[in-house]
Protein chains: 2
Amino acid sequence: MLQQRSSLLLSSLSHCAFRSSAAPLSASVRCRTRRCYSIHADLAGSGKVQGIDPSKLTITKTTTPKDLLPPEELIFGRNFSDHMLSMEWTASQGWLPGRITPYQNLSLDPATCVFHYAFECFEGMKAYKDKAGNLRLFRPDRNMARLNKSAARIALPTFDPNAMIDLIGKFVKLDERFVPDARGYSLYLRPTMIGTQRTLGVGPPSSALFYLIASPVGPYYPTGFKAISLEATDYAVRAWPGGVGDKKLGANYAPCILPQMQAASRGFHQNLWLFGEEEYITEVGTMNLFAAIKNKETGEPELLTAPLDGTILEGVTRDSILHLARERLEPKGWKVTERKFTMKEVADAADEGRMLEIFGAGTAAIVAPVRKISWKGRLIDCGLEENVEAGPIAAQMKEWMEGIQYGDEEHPWSTVL
Amino acid sequence: MLQQRSSLLLSSLSHCAFRSSAAPLSASVRCRTRRCYSIHADLAGSGKVQGIDPSKLTITKTTTPKDLLPPEELIFGRNFSDHMLSMEWTASQGWLPGRITPYQNLSLDPATCVFHYAFECFEGMKAYKDKAGNLRLFRPDRNMARLNKSAARIALPTFDPNAMIDLIGKFVKLDERFVPDARGYSLYLRPTMIGTQRTLGVGPPSSALFYLIASPVGPYYPTGFKAISLEATDYAVRAWPGGVGDKKLGANYAPCILPQMQAASRGFHQNLWLFGEEEYITEVGTMNLFAAIKNKETGEPELLTAPLDGTILEGVTRDSILHLARERLEPKGWKVTERKFTMKEVADAADEGRMLEIFGAGTAAIVAPVRKISWKGRLIDCGLEENVEAGPIAAQMKEWMEGIQYGDEEHPWSTVL
């Protein structure tokens, strides 16, 4: 790839100009006859995982530490800790040493490719403080693996995940005072990678920047669960087979705002993404979705979620809930199923008295119980009684997850820093 | 929308946290039963076109003018003129006065939404110098209309297109010395709009920045046409119904790099995007595609291109070629058709001796003749004889287009500044 990258940057057929780098026609053109919708790994990003040396980290502490906000004033992603972690990459040098510096603006040429072609991907994860005062991360390996997949899909560099977790741990320890120590509070971490090449030709960036910022956050439900209502979106489509809906790319977010605003304008908290003529249920807003219904044939309780078919974000919370459900609900008679299921199936379950509960799943809220779904002009009742804000499975999952995240239950998913 | 925007920014169910702004469930939930795949205009971006007052433009000239590069050293999008045009928008104040300043870095908080959620869209257009030394733009109204559509689709503000063209004209005049005066040369203009809100909640940006930078460019074919070869991509999908493939969003570009790199690794200049089981031909790399073939039934020559069904970029060059073809080729017996057509149709035309020529169409090259297309393990011959680098229609279109762009032919598409 470096060879390609250093060859003709001569622009620019096109609407906006591909950097052309083709060699003469190869005699052995590879035959592909199956529609496999996969990107060959050897061309994903920089090809190989690229080394990071955490021992080279430099730290420049702030000279103007911020005041901590009172817990009740914490708003997601609005206030940030004293420092940021950053690391530059170039095609010729690989990853340069990581730096912790005071939180500060990025200064970028207006031609930088992140502004034009959305060379950007990110993660959302949290640092928790347990009762003993230890700092903990929750399954950071999953976030780093996903960030590598996201980066590779848009030709950004990958990295050694363990070395990156090491650096993130050092960062969290330095900004430890921003990790609140009450249940439900945490320090939200936002690892981000952007392409920084300063030319307008469309091609793989020859330079990139990884950075991480951190925002202390309070519980999503400060006064207990509050069920949400959804509007099924059938006029816009979030993701497609062969697309990038399973990656955490910036590209997946901006196009989803209008459907969300439209749902909100009609009084719904979030929109529910359907797919295809069959109206498969895929995701809700920016969460995965779980439906607990009684199986039509057997009457058994079943926890359903859409499969990872390339159109679903591979949520860490989704995966954790599936694991916990298989480990702790299946012995109690539950069936746990990843399969495509439709809006009609959910409506039928509601109509036939088989609806147990529905909830979203994501890092910010862990679970978000759903009261109603608007679909084809009717409101589907998702099984919550009037004065109840969460079903038992959602509430149980939140309890199990928080127990692990805050270290009440020792579990391999929780990494003590 | 402003009301929504100013309400709860309280985060954050989710993978990455929607800013929730829903009112209580509306009694009159609107019924939508048809799958219409359109975003209601009243919720697109800021709703109404927002005023710009070009008379408030301020100009700060550079004190360190750049040396002009020799024409042969001009590379697309790599070197820029002395100045940039920029204009900030806030939800409460609308568009602030435009500013022309020395070309300079943007300084942005690392939480700025453009880095995380791809709130970004752009245009590609050119300024030309005619024989009399006049500066000209080519159909700037089309670029501004498209930028407004792109911006609205991702909840960025729209603007009065005529006022914006006025500002762009002032900018081009100030940096006139960067507009080369030879045929095939031009000053490439890159209007860009980014979301600048400095919070991580996912929602409509409450602030944005429009800016324009300019890069002098040489002819795409300095020594005459050079036909390209394409690889049909059937394992990845650029756009889909209900998606945003018809908008010029950054989100449409980064995900297209790997298929382009894969095509290049097998010796092809660009990839050709197919769609669906039918393998409809949609776009080539970052260009629209035209096929000239003899009609199977009538034997008449026909110029084909994919229709604007929401998955195709609405190319200004595409539209111009269609106009010129209808005006100047139809009287000569050509049929000009916008319809879905498949890779198999093209292969059949080649097999049956009905292939005339194929070419891409975009701002950078105007036309890009195609020699071969790799598809299902075979190479489709696109009708060029061995020592010929462009078919007659491609060559004619380039001549017509350049004649208008450089003012040799007076035409309403060419705007003298």
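Residues numbered from 1 in each chain as written. Chains lettered and ligands numbered in written order. Predicted model: local features only at pLDDT ≥ 70, side-chain atom pairs only at ≥ 80, totals over all residues. Heavy atoms only, no water.

### Focus: the overall build of chain A
Helices and strands together make up the secondary structure of chain A, namely 8 helices and 20 strands. Burial status across chain A gives 65% buried among its 417 residues. Expressed as a percentage of contacts within chain A between residues at least 6 apart in sequence, the contacts between residues at least 24 apart total 72%. Accessible surface for chain A amounts to roughly 15000 Å². Of this, 50% is attributable to carbon and sulfur atoms. (Helix = DSSP H or I, 4+ residues; strand = E, 2+ residues; numbered from the N terminus. Buried < 20%, exposed > 50% of the residue type's maximum accessible area, 1.4 Å probe, protein only. Contact = heavy atoms within 4.5 Å. Areas by Shrake-Rupley, 256 points an atom, 1.4 Å probe, with all protein chains shown as cover.)

### A few points about the confidence of the model for chain A
All names here are of chain A. Taken over all residues, the pLDDT of chain A has a mean of 90, while the share at 70 or more is 88%. Within the model, pLDDT remains below 50 along residues 1-17, and this stretch shows 77 contacts once partners closer than five positions in the same chain are excluded. Predicted confidence for residues 20-36 stays below pLDDT 50, and this span has 39 contacts to residues more than four positions away or in other chains. With pTM at 0.91, the complex prediction returns an ipTM value of 0.91. (pLDDT = per-residue confidence, 0-100.)

### Re the pattern of salt bridges
Residue and element names in this part refer to chain B. All chains considered together, the criterion is met by 58 salt bridges over all chains. Across the pair Glu410 and Arg136 runs a salt bridge whose closest N-O atoms are separated by 2.8 Å. Residue Glu410 is found in the loop between helix H8 (392-405) and strand E20 (414-416), and its partner Arg136 is found in strand E8 (residues 135-138); the two are separated by 274 residues along the sequence. Exposure remark for Arg136: the relative accessible area of 3% places this residue in the buried category. (Salt bridge = Lys/Arg side-chain N within 4 Å of Asp/Glu carboxyl O.)

### Observations concerning the UniProt feature "modified residue: N6-(pyridoxal phosphate)lysine" (unreviewed entry) in chain A
Cross-referencing UniProt, the feature "modified residue: N6-(pyridoxal phosphate)lysine" (unreviewed entry) maps to Lys248 of chain A in the present numbering. Structurally, the position occupied by Lys248 of chain A is in the loop between strand E11 (228-233) and helix H5 (257-265). (UniProt positions renumbered as here; feature names shortened; annotations may be inferred.)

### As for the packing of helix H3 (residues 140-153) of chain B against helix H4 (residues 161-174) of chain B
Residue and element names in this part refer to chain B. Where H3 contacts H4, the axes come no closer than 10 Å and their chain directions differ by 120 degrees. By the criterion of interaxial angle, the relationship of H3 to H4 is oblique. Considering how the two elements wind past one another, H3 and H4 form a crossing that is right-handed. On H4, the residues that touch Pro140, Asp141, Met144 and Asn148 of H3 are Pro161, Met164, Ile165 and Ile168. In terms of residue class, the contact of H3 with H4 is made up of 6 nonpolar, 1 polar and 1 charged. (Axes fitted to C-alpha atoms, helices over the stretch in contact; angles between N-to-C directions. Parallel < 35°, antiparallel > 145°, perpendicular 65-115°, else oblique. Left-handed = near helix turned anticlockwise from the far one by under 90°. Nonpolar A, V, L, I, M, F, W, Y, C, P; charged D, E, K, R; others polar.)

### What to know about the domain arrangement of chain A
Residue and element names in this part refer to chain A. When its domains are assigned, chain A resolves into domain 1 (3-12 + 32-217) and domain 2 (228-416). The C-alpha-based centres of domain 1 and domain 2 are spaced at 27 Å. Counting residues at the interface gives 31 residues for domain 1, matched by 29 residues for domain 2. Surface buried jointly by domain 1 and domain 2 totals about 2900 Å² across both partners, of which 55% is contributed by carbon and sulfur atoms. On the domain 1 side of the interface with domain 2, the three residues burying the most area are Arg136, Phe138 and Arg139, jointly 25% of the side's total. Seen at the junction of domain 1 and domain 2, the total is 7 salt bridges. Two residues, Asp319 and Arg142, come together in a salt bridge whose shortest N-O distance is 3.3 Å. The interface formed by domain 1 and domain 2 includes 18 residue pairs in polar contact (both at pLDDT 80 or more). Listing elements by their share of the side of domain 1 that touches domain 2, those giving two or more residues are strand E6 (120-122), strand E7 (125-129), strand E8 (135-138) and helix H3 (140-153). (Domains from an automatic or database assignment. Buried area = accessible area lost by both parts, 1.4 Å probe. Polar contact = N/O pair within 3.5 Å; in protein donor to acceptor, adjacent residues only side chain to side chain.)

### Looking at empty space enclosed by the protein
As enumerated under the stated definition, the model contains 16 cavities of 30 Å³ or more in all. Together, 25 residues line the largest cavity, and Arg238 and Ala251 of chain A together with Trp240, Val244 and Asn252 of chain B are the ones closest to its centre. Considered class by class, the residues forming the lining of the largest cavity number 15 nonpolar, 6 polar and 4 charged. (1 Å grid on protein atoms, 1.4 Å probe; cavity = no way out; pocket = protein on both sides within 12 Å on 5 of 7 lines; lining within 4 Å. Points joined across faces, edges and corners; volume = space filled by probe spheres on them.)

### Overview of the pairing of strand E13 (residues 280-284) of chain A
All names here are of chain A. Burial of E13 is extensive: 4 of the 5 residues sit out of reach of the surface. Judged from the 4 bridges that link them, strand E12 (residues 270-275) and E13 form a sheet pairing that is antiparallel. Looking at the pairing, Phe275 lines up with Tyr280 of E13. Taken together, E12 and the strand that follows it, E13, pair antiparallel across an intervening segment of 4 residues, in which Gly276 is found at a positive phi of about 80 degrees. Pairing analysis gives 2 bridges linking E13 to strand E14 (residues 287-294), with the strands arranged antiparallel. Bridged to Val284 within E14 is Met287. Hairpin geometry of E13 and E14 is characterised by an intervening segment of 2 residues between the two adjacent antiparallel strands and by a positive phi of about 50 degrees at Gly285. (Pairing = 2+ DSSP bridges.)

### Description of the nonpolar core
Among the nonpolar cores identified, the biggest contains 130 residues, and Phe115 and Leu189 of chain A together with Phe115 and Leu189 of chain B are the most heavily contacted of them. Leaving out residues up to four positions away in the same chain, Phe115 of chain B has contacts with Leu106, Leu108, Val114, Phe115, Glu120, Thr192, Ile194 and Tyr211 of chain A together with Leu108, Asp109 and Pro110 of chain B. By size, the runner-up hydrophobic cluster in this structure holds 55 residues, among which are Phe290, Leu303, Ile393 and Trp400 of chain B. (Core = buried A, V, L, I, M, F, W, Y, C linked by side-chain atoms within 4.5 Å.)

### Remarks on the packing of aromatic side chains
The geometry of an aromatic ring pair comes down to the distance between the two centres and the angle between the two planes. Enumeration over the complete set of coordinates arrives at 26 aromatic pairs over all chains. Taken together, the aromatic side chains of Phe115 and Tyr211 of chain A together with Phe115 and Tyr211 of chain B make up a single cluster linked through ring pairs. (Phe/Tyr/Trp six-rings, centres within 6.5 Å; stacked < 30°, edge-to-face > 60°.)

### A few points about the pairing of strand E17 (residues 355-362) of chain B
Residues in a regular strand point their side chains to alternate faces of the sheet. Residues and elements named next belong to chain B. Within E17, 7 of the 8 residues are buried, leaving the element largely enclosed by the surrounding structure. Pairing geometry for strand E14 (residues 287-294) and E17, over 6 bridges, is antiparallel. The residue bridging Ile293 from the neighbouring strand is Met355, located in E17. Between E17 and strand E18 (residues 366-375), which pair antiparallel and follow one another directly, the connecting turn spans 3 residues.

### Description of H3 of chain B
For H3 of chain B, spanning 14 residues, the distance from its first C-alpha to its last is 20 Å, which sits close to the expected 20 Å at 1.5 Å a residue. Ala155 of chain B sits one or two residues past H3 of chain B and shows a positive phi near 60 degrees. (Expected span 1.5 Å × (residues − 1).)

### Quick look at helix H8 (residues 392-405) of chain A
Residues and elements named next belong to chain A. Taking 1.5 Å per residue, 14 residues should reach 20 Å; H8 reaches 20 Å between its end C-alpha atoms and fits that length. Among all positions of H8, only Ile393, Ala394, Met397, Trp400, Met401, Glu402, Gly403, Ile404 and Gln405 are buried. Two residues or fewer after H8 comes Gly407, characterised by a positive phi angle close to 80 degrees.

### A closer look at the side chain of Thr112 of chain A
Residues and elements named next belong to chain A. Locating Thr112 in the fold gives a position in the loop between strand E5 (106-108) and helix H2 (113-117). A polar atom in the side chain of Thr112 sits 2.5 Å from the backbone oxygen of Asp109. Other than its neighbours up to four places away in sequence, Thr112 contacts Gly195, Thr196, Gln197 and Arg198.

### Focus on unusual backbone geometry
All names here are of chain B. A positive phi angle, close to 60 degrees, is found at Ala118, a residue other than glycine. Tracing the backbone through its elements, the reader meets Ala118 in the loop between helix H2 (113-117) and strand E6 (120-122). At Ala155, a residue that is not glycine, the phi angle is positive and equals roughly 60 degrees. Structurally, the position occupied by Ala155 is in the loop between H3 and H4.

### Points about the environment of Ala91 of chain A
Residues and elements named next belong to chain A. Along the chain, the position of Ala91 falls in the loop between strand E2 (83-90) and strand E3 (94-95). Judged by relative accessible area, Ala91 falls into the buried class, the value being 16%. Separated by 114 residues in the primary sequence, Ala91 and Pro205 place their C-alpha atoms 8.2 Å from one another.

### Remarks on the packing of helix H6 (residues 316-329) of chain B against H8 of chain B
Residue and element names in this part refer to chain B. For the pair H6 and H8, the least separation of the axes is 11 Å and the interaxial angle reads 105 degrees. Between H6 and H8, the angle is such that the two are roughly perpendicular. Here Thr317, Ser320, Ile321, Leu324, Ala325, Arg328 and Leu329 of H6 come into contact with H8, specifically with Ile393, Met397, Trp400, Met401 and Ile404. In terms of residue class, the contact of H6 with H8 is made up of 9 nonpolar, 2 polar and 1 charged.

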